[in-house]
Amino acid sequence: MGLRKIRLWPDPVLSETSTPVGAEEDLSDLIADMFETMYAAPGRGLAAPQIGVTKRIFVTDTTWKEDKPTPMAFINPKITDHSETLASGQEGCLSIPGILVDVSRPEWVELAWTDPNGAARQQRFQGFAAACVQHELDHLNGTVTFDRLPDSEADLARAAYEKSRA
């Protein structure tokens, strides 16, 4: 299969809630395509809806640009705990290219998911990795960065994006 086309906002698939992945589903081709697409973009995370697949799966590699690659695939992820303290940082999105916005999120999250081998996993993510997994999980819930902003900031960010696409 290989590279997939990344859907750009306001593609309706980006507003849909993804469906859970069944235990019997073979995701090996999809996961390989998602990693290939993410690295080519070049991004650090990619959710299935961003390539038009409304399944609860995303991939990340938060270190490959600076250090050794740490590719991870998350199937049916969910946050099980999070910090009360928020951290604000600039976020970009492969589905909203060229636009960076400040988003506040819990500074750490505990995430539970199934890995591609069917094993149950749980891990705490902090800093940039925490923001990344939360961003990708948002995609599975039909949320994009614009939706995380106050209305006036979202309007400005959307206008900047639309102007950049004209």
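Above this text sits the structure in question.
Values in this document were obtained by computation on a predicted structure and should not be read as measured data.

(A) Quick peek at unusual backbone geometry. In the segment running from Trp9 into Pro10, the intervening peptide bond is cis, with an omega of 15°. With a phi close to 50°, Asn76 is a non-glycine residue in the positive phi region. Looking at the secondary structure, you find Asn76 in strand 3 (residues 72-82).

(B) How the structure looks around the environment of Leu137. Tracing the chain through its elements places Leu137 in helix 2 (residues 127-140). Distance in space between the C-alpha atoms of Leu137 and Phe58 is 7.5 Å, their sequence separation being 79 residues. Once residues within four sequence positions are removed from consideration, Leu137 is found in contact with Arg56, Phe58, Pro77, Ile79 and Leu111.

(C) Local environment of the side chain of Ser18. Summarising the element assignment, Ser18 is placed in the segment before helix 1 (28-40). Leave out the neighbours within four places in its chain, and Ser18 touches Pro49, Thr54, Lys55, Arg56, His139 and Leu140.

(D) Looking closely at the pattern of salt bridges. A full pass over the atoms with the stated rule returns 9 salt bridges. Between Glu25 and Lys55 there is a salt bridge whose closest N-O contact spans 3.3 Å. Within this pair, whereas Glu25 is found in the segment before helix 1, its partner Lys55 is found in the loop between strand 1 (45-47) and strand 2 (57-60), the two being separated by 30 residues in sequence. Judged by relative accessible area, Glu25 falls into the partly exposed class, the value being 29%. Asp138 serves as the salt-bridge partner of Arg148, at 2.7 Å between the closest nitrogen and oxygen. Taken together, the residues span a long stretch of sequence, with Arg148 in the loop between helix 2 and helix 3 (151-165) and Asp138 in helix 2 at a distance of 10 residues. Through salt bridges with shared partners, a single ionic network connects Glu91, Arg105, Asp138 and Arg148.

(E) Expanded view of the state of the cysteines. The final tally for this structure, using the stated rule, is 0 disulfides. Free of any disulfide, Cys93 has its nearest neighbouring cysteine sulfur in Cys132, separated by 10 Å. Overall, the relative accessible area of 8% leaves Cys93 in the buried class. Overall, Cys132 belongs to the buried group, its relative accessible area being 6%.

(F) Structural context of the sheet that holds strand 6 (residues 108-114). Strand order in the open sheet formed by 5 strands is 1-2-3-6-7, and the pairing between neighbours is antiparallel. Looking at the sheet topology across the chains shown, the edges are occupied by strand 1 and strand 7 (120-126). Pairs of neighbouring strands in the sheet enclose a mean axial angle of 40°, with direction left out of account. Of the pairings in the sheet, the one linking strand 3 to strand 6 comprises 5 bridges and is antiparallel in character. Bridge pairing in strand 6 places Asp81 opposite Glu110. Seen against the sheet, helix 1 touches strand 1, strand 2 and strand 3 and runs at an angle of roughly 45° to strand 2.

Calculation notes
Residues numbered from 1 in each chain as written. Predicted model: local features only at pLDDT ≥ 70, side-chain atom pairs only at ≥ 80, totals over all residues. Heavy atoms only, no water. Helix = DSSP H or I, 4+ residues; strand = E, 2+ residues; numbered from the N terminus. Contact = heavy atoms within 4.5 Å. Salt bridge = Lys/Arg side-chain N within 4 Å of Asp/Glu carboxyl O. Buried < 20%, exposed > 50% of the residue type's maximum accessible area, 1.4 Å probe, protein only. Disulfide = S-S within 2.5 Å. Pairing = 2+ DSSP bridges. Axes fitted to C-alpha atoms, helices over the stretch in contact; angles between N-to-C directions.

Interpretation in functional terms is not warranted from these geometric data alone.
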